[in-house]
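Listed below are the residues making up each chain.
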Amino acid sequence: MINFDYVRATAVADAVRHIAGHPGAKFIAGGTNLIDLMKEDVERPTRLIDISRLALNGVEQTGSGGLRIGALTPNSDLAYNPLIEERYPILSSALLAGASPQLRNMASTGGNLLQRTRCHYFYDTATPCNKRNPGSGCPAIHGLNRIHAILGASDSCVATHPSDMCVALAALGATVVAVGPGGERRIAFSDFHRLPGDRPDRDTNLNADELITAIELPAKGFSKNYTYLKIRDRLSYAFALVSVAAALEIEGGAIKEARLALGGVAHKPWRDETAEAALAGRVPDEAAFRQAADVVLRGAKGLAHNAFKIELARRAIVRALTQAANGTPQIQADKTIR
Ligand SMILES: Cc1cc2nc3c(=O)[nH]c(=O)nc-3n(C[C@H](O)[C@H](O)[C@H](O)COP(=O)(O)OP(=O)(O)OC[C@H]3O[C@@H](n4cnc5c(N)ncnc54)[C@H](O)[C@@H]3O)c2cc1C
Ligand code: SF4
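Everything numeric in this text was worked out from a predicted model, so none of it was measured.

Draft legend 1. Spotlight on empty space enclosed by the protein. In this structure the tally under the stated criterion is two cavities of 30 Å³ or more. Taken as a whole, the largest cavity spans an internal volume of roughly 90 Å³. Around the largest cavity sit 15 residues that line it, and Cys119, Cys129, Cys138, Cys157 and Ala159 are the ones nearest its centre. A breakdown of the residues in the lining of the largest cavity according to their chemical character gives 10 nonpolar, four polar and one charged. By volume, the second largest cavity is sized at about 50 Å³. Forming the boundary of the second largest cavity are Gln115, Arg116, Thr117, Lys131, Ala159, Thr160, His161, Asp203 and His267. For the lining of the second largest cavity, a count of residues per class yields one nonpolar, five polar and three charged.

Rendered as structure tokens:
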């Protein structure tokens, strides 16, 4: 057992006040990741600040034609929100590909962004791990690395970010809104999660004393031609080996704008704007999609057990883009289960 304080925040300012000057404190929302990590002794917070009752739940229109999603909106409510289903179905699809209905009822939007890697060694406190214990080493590089990164990894860490929702948010170009002691800060989604470099202990660029209050979506939702494709060991209730969020705007038989982001392959949701630019102006056909896949995977590097992910990602990109172009998004097995 570890001892920790527990406080329930009554307002955003109250939550920020409770965490200021307490480096060992953590916010708790749905608790679906943090409690597991505490039970495994990976996280040892000295204070838990319960934010679950804050008025940050819901989806509203923004002045610029987009949507603002409150950080405490449960993943299930977000997936089935009519505005999301109609205007941003790629986000709905990605959410429903994640976890189980029960977990999605508890999991919050803000917490989903900050869920930690599923690397086996990170969870096993009997082993070294640079992310959990900086400077101790990375046993995954020469160990069990089937689920690990093929893009953007470093000599310090080869972990992947496990979220589905974040892959769709990366493709959509969302913005994270956070409040800290210095006031409100807006962070472009591409700058929110970090590559491991020599600081794998830092998953994101959010400061420890900042509270995520909302995620904002731009006006464009790519609702006509999109697909979220998740490849995993089981059809449900498993993290992605590779996932692809593909969105196209097609006009006059050619691609006007493309969005392409991958999950399960890197320390952050991997959006590739060079591949997107290469698709612009092209006829949406297999040749264009194969070339885009080559661009995305130009720096891919396999380890002893995960090299298969490179070819898997290539095929998943081509399939997702083909489905998006055809207007036949991936149907999730549990789409009707709430
Ligand atoms: C068995 C299992 C299977 C799963 N499968 C999938 C899957 O397939 N795909 C997928 O995407 N996810 C999956 N998940 C992960 C799940 O989606 C996350 O655990 C969940 O989204 C986290 O949200 P939460 O509100 O429970 O976060 P919590 O556990 O409460 O918090 C997680 C972290 O976020 C911080 N935090 C929470 N809210 C805020 C905030 N507003 N501001 C600042 N910090 C905050 C906490 O301090 C903590 O560090 C799975 C989880 C489990 C347990
Ligand atoms: S891959 Fe990262 S999380 Fe996994 S053992 Fe290595 S340092 Fe730790």
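Alright, that's what it looks like, and here's the rest.
Draft legend 2. Up close: the packing of aromatic side chains. Tallying each qualifying case throughout the model produces two aromatic pairs. Measuring from centroid to centroid gives 5.9 Å for Phe122 and Tyr123, while their planes differ by 85°, and the two rings are edge-to-face. Of the two residues, Phe122 and Tyr123, both sit in the buried class. Centre to centre, the rings of Phe189 and Phe192 are 6.5 Å apart; their planes meet at 20°, and the pair counts as stacked. Separated by three residues within a single helix, Phe189 and Phe192 lie in helix α10 (residues 189-192), roughly one turn from each other. The buried category is assigned to Phe192, whose relative accessible area is 0%.

Draft legend 3. Main features of the site of ligand 2. The environment of ligand 2 is formed by 14 residues, the closest being Cys119, Cys129, Cys138, Cys157 and Val158. Judged by the proximity of its atoms to the pocket grid, ligand 2 belongs to the largest cavity. Partitioning the shell around ligand 2 into residue classes produces 10 nonpolar, three polar and one charged.

Draft legend 4. Structural context of the sheet that holds strand β2 (residues 25-28). Taken in spatial order, the three strands make up an open sheet running β1-β3-β2, and their pairing is parallel. Edge strands, defined here as strands with exactly one partner in the open sheet, are β1 (5-8) and β2. Pairwise comparison of adjacent strand axes, ignoring direction, gives a mean angle of 20° for this sheet. Pairing of β2 with strand β3 (residues 47-50) involves four bridges; the strand directions are parallel. Bridge pairing links Ala25 to Arg47 in β3.

Criteria and cut-off values
- Numbering of residues starts from 1 in every chain and runs along the sequence as written.
- Here chains are named by letter from A upward and ligands by number from 1 upward, in the order in which they appear as written.
- Where local features are concerned, this predicted model is filtered to residues with pLDDT of at least 70; where side-chain atom pairs are given and counted, the filter is 80 or more; whole-chain, interface and lining totals use all residues.
- Computation of side-chain values covers all heavy atoms of the structure but excludes hydrogens and water.
- Using protein atoms alone on a 1 Å grid, points that fit a 1.4 Å probe yet trap it form a cavity, whereas open point sets bounded by protein on both sides within 12 Å along at least five of seven lines form a pocket; residues with an atom within 4 Å of a point count as lining.
- Grid points are joined across faces, edges and corners, and a volume is the space filled by probe spheres set on the points.
- When residues are grouped by polarity, Ala, Val, Leu, Ile, Met, Phe, Trp, Tyr, Cys and Pro land in nonpolar, Asp, Glu, Lys and Arg in charged, and all others, Gly among them, in polar.
- For Phe, Tyr and Trp, where Trp contributes only its six-membered ring, two rings pair if their centres lie within 6.5 Å, and the inter-plane angle classes them as stacked under 30 degrees, edge-to-face over 60, or tilted in between.
- For every residue, the accessible area obtained with a 1.4 Å probe (protein chains only) is divided by the maximum for its type, and the residue is called buried under 20%, exposed over 50%, and partly exposed between those limits.
- Helical segments are the DSSP runs of H or I of at least four residues, strand segments are the runs of E of at least two, and each set is numbered from the N terminus.
- Throughout this document, a residue counts as near a molecule or strand when at least one of its heavy atoms sits within 4 Å of that molecule or strand.
- Cavity and pocket membership follows a simple rule, namely that a molecule belongs there if more than half of its atoms are within 2 Å of the grid points.
- Whether two strands pair depends on DSSP finding at least two bridges between them.
- Lines are fitted to the C-alpha atoms to define the axes, a helix being fitted only along its stretch in contact, and any angle between axes, read from their N-to-C directions, falls within 0 to 180 degrees.

Interpretation in functional terms is not warranted from these geometric data alone.
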